[in-house]
Amino acid sequence: MKMSKYYVPTLKEVPAEAELISHQLLLRAGMIRKLASGVYTYLPLAVKVLKNIEEIVREEMDAIDSQECLMSALCPSELWKETGRWDDFGPEMFRLHDRHNREFCLGPTHEEVFTNLIRHELKSYKQLPLSLYQIQTKYRDEKRPRFGLMRGREFTMKDAYTFDRDEEGMRKSYFEMWGAYENIFNRCSLDFKVVEGDSGAMGGSDSHEFIALSDVGETEIVFCNSCDYAATDEKAACSYKIESDEDVKTIEKVHTPDVKTIDELESFFNVSKNNFIKTLLYTAGEETVAVLIPGDRELNEVKLLKHLDVLAHDLEIAAPEVVKEVTSAEVGFAGPIGLKEGVRVLIDERIPMMRNAIIGANETDYHLKNANFDTDFTGEVVGDLIMAKAGDLCPKCGDAMSVERGNEVGNIFQLGTKYSKALNATFLDENGKEQLILMGSHGVGVSRTLAAIIEQHHDEHGIIWPLSVAPYHVIITVVNSKKEDQQALGLELYETLKSAGIKVILDDRKERAGVKFADAELIGIPLRVNVGRDASESLVEFKLRSGGETEVISSNDVLNKVQELLK
Ligand code: ATP
Ligand code: MG
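**Observations concerning the site of ligand 1**
1) Next: As a matter of local geometry, ligand 1 sits amid 15 residues, with Arg140, Glu142, Arg151, Gly152 and Glu408 nearest to it.
2) Next: For ligand 1, an oxygen atom lies 2.7 Å from a polar atom in the side chain of Arg151.
3) Next: Here ligand 1 loses 84% of its free accessible area of 580 Å² to cover by the protein chains.
4) Next: Put simply, the parts of the chain that give the shell around ligand 1 at least two residues each are β8 (154-164) and β21 (401-416).
5) Next: Sorting elements by how many residues they give to the shell around ligand 1 places β21 first, with four residues.

Next up, the structure:
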């Protein structure tokens, strides 16, 4: 490709709307443009990279005998009603009607569609195991679309579905997929960790997430410094313990004018945060729930959800009006004593161990000190409700744990019979007995992977593509396009590399050298050849985008050198 004809509208300025470096660079490198919130247009360079990632995914799926299909994004509602997910998905699902007023959705994931495909035709144990996948556009009306391709409302996913005759087969398929995912993310040059995940709305039992590490990633992972335990913060069990041998004192009301937050309380009472009990009010479907956790910890909403009979999207922090109504006080003074009747009180397992704690009094400008579980207040003690954090002890080996951040690029699930049961997908075993198929569901966020690669491979000048996914391997920059010898040598090199099957761009634009160099760095082509002043002697500069020395080599050696590096 010649840069003079290529549609790569690069930008000098960092676009104000982009927080994340990958988002900024994708915009600046002329790779994506926003069409609507969470919806992007992919420009030529981005399509190249996306296809390269897809190709890696295809090769690795192929290697484990998973077979490519392609389903429609347009899915009839009936299937989703059969599994109950028409309601469960809630506002995240894009829904529409056809001219006959039939309901459809734009598929957010395809368990229903794949199970439906095989349920009518797969009849015998002889047809199992089976693994099918697609690389396709998904639609989710995310609550907070952000960070460019990281969290879009339209995105490319590889979704694979495995069908097995028993648990053992399902687990085997799961670990094959795990291996394929490790290969995929290694080949994309991602630094990642595999961690236990929560099955959430997907159902089923075991699940692992592949997290591309990034200091500013959306997901927090907790892992043990000694053993192999690693989980998302949502999933990680929290071993935090509270022990106290203090005597129970008499509860007392304290005037705390305008002291509302835990930080304000800490300085007002001059005691550390672990002396407080946080009372958090939530609206869970129809009911209001008060959740009690130690003042120095954060609530884990995923753990809370397990004790409530509501879907994730029906759980929300109570609105100020609700707080005022159930506490009869301004926001900031909630506590477990004297809440409006009917408010359910859920208690973290550590609360009963706390002695003489400080709680809100459900009265504006007042707190209560020396509050004790059982003596002064009660509620349902439901187990572990808090987020694990760095320094907590590993639930597996007891050593200290650390925390890192990252972005989920892949997810594998053992689904069991959740979908085969709901959709009646069965097979006949050797004895002619009808059995439910055991399933797995396995996603790779292809477009998110593209963003995750940039998060890990860039510098202050732009993207640094790993060779495996780079849109082009080599960029030849003609330093001064007015000089005929430079133009001619650039073109000659370009033709030579192109004929040898090398993916190459020739920057033949009539721009200043500085502009061309800046663009070459910004779009991140890994190998750079500059044809400048020494063109008359057939000498060119050769350098790697990732850094290191610039070498002056003969133009005759360029092809060899490139081929060597591509090996
Ligand atoms: P998240 O927790 O980030 O919302 P998820 O767990 O809901 O993701 P899955 O249903 O597991 O997502 O989808 C499989 C993969 O698709 C994810 O691992 C992720 O890489 C990608 N993905 C999910 N949602 C988005 C999105 N809104 N934009 C881009 N990629 C996404
Ligand atoms: Mg997931």
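What follows picks up the thread again.
**Considering the domain arrangement of the protein chain**
1) Next: Per the domain assignment, the segments making up the protein chain are domain 1 (15-222 + 403-454), domain 2 (252-378) and domain 3 (472-566).
2) Next: Inter-centroid distance (C-alpha atoms) of domain 1 to domain 3 is 39 Å.
3) Next: Contact with domain 1, which involves six residues of that partner, is made by four residues of domain 3.
4) Next: At the junction of domain 1 and domain 3, the tally comes to zero salt bridges.
5) Next: Joining domain 1 to domain 3, the criterion identifies one residue pair in polar contact (both at pLDDT 80 or more).
6) Next: Among the secondary structure elements, those contributing two or more residues to the side of domain 1 that touches domain 3 are α1 (21-28) and α2 (44-63).
7) Next: For the side of domain 1 that touches domain 3, the residue count by class is three nonpolar, one polar and two charged.

**Details of the coordination of the magnesium ion (ligand 2)**
1) Next: Donor atoms from the polypeptide that coordinate the magnesium ion (ligand 2) comprise Glu408 (OE) and Asn411 (OD1), at 2.1 to 2.2 Å from the metal.
2) Next: Judged by its relative accessible area of 10%, Asn411 falls in the buried class.

**Observations concerning the side chain of Asn52**
1) Next: For Asn52, the location among the structural elements is in helix α2.
2) Next: For Asn52, a relative accessible area of 14% puts it in the buried group.
3) Next: Contacts of Asn52, omitting those with residues within four sequence positions, involve Ser468, Val469, Ala470, Pro471 and Lys503.

**Concerning the pairing of strand β27 (residues 474-478)**
1) Next: When you tally the buried positions in β27, you get five out of five residues, the bulk of the element.
2) Next: Burial of β27 is two-sided: the residues Val474, Ile476 and Val478 facing one way and the residues Ile475 and Thr477 facing the other way are all buried.
3) Next: Direction of pairing for β27 relative to strand β28 (residues 504-507): parallel, over a ladder of four bridges. Bridge pairing in β28 places Thr477 opposite Asp507.
4) Next: Tracing the backbone out of β27, into helix α12 (residues 484-499) and back to the parallel element β28 gives a crossover that is right-handed.
5) Next: Bridge analysis of β27 against strand β29 (residues 527-531) gives five bridges, and the strand direction is parallel. Looking at β29, one finds that Thr477 is bridged to Asn530.

**Quick look at the environment of Asp429**
1) Next: Inspection of the secondary structure puts Asp429 in the loop between β22 (426-428) and β23 (434-436).
2) Next: Taking relative accessible area as the criterion, Asp429 reaches 12% and is therefore assigned buried.
3) Next: In the structure, Asp429 is positioned 264 residues away from Arg165 in sequence and 8.1 Å away in space, judged by C-alpha atoms.
4) Next: Those residues within four positions of Asp429 in sequence are excluded, and the remaining contacts are Tyr125 and Gln435.
5) Next: A distance of 2.8 Å separates a polar atom in the side chain of Asp429 from a polar atom in the side chain of Gln435.

The rules we used
- Residues numbered from 1 in each chain as written.
- Chains lettered and ligands numbered in written order.
- Predicted model: local features only at pLDDT ≥ 70, side-chain atom pairs only at ≥ 80, totals over all residues.
- Heavy atoms only, no water.
- Near = heavy atom within 4 Å.
- Polar contact = N/O pair within 3.5 Å; in protein donor to acceptor, adjacent residues only side chain to side chain.
- Areas by Shrake-Rupley, 256 points an atom, 1.4 Å probe, with all protein chains shown as cover.
- Helix = DSSP H or I, 4+ residues; strand = E, 2+ residues; numbered from the N terminus.
- Domains from an automatic or database assignment.
- Contact = heavy atoms within 4.5 Å.
- Salt bridge = Lys/Arg side-chain N within 4 Å of Asp/Glu carboxyl O.
- Nonpolar A, V, L, I, M, F, W, Y, C, P; charged D, E, K, R; others polar.
- Donors = N, O, S within 2.8 Å, 3.2 Å for Na, K, Ca; no water.
- Buried < 20%, exposed > 50% of the residue type's maximum accessible area, 1.4 Å probe, protein only.
- Pairing = 2+ DSSP bridges.
- Right-handed = clockwise from strand over helix to strand, strands pointing away.

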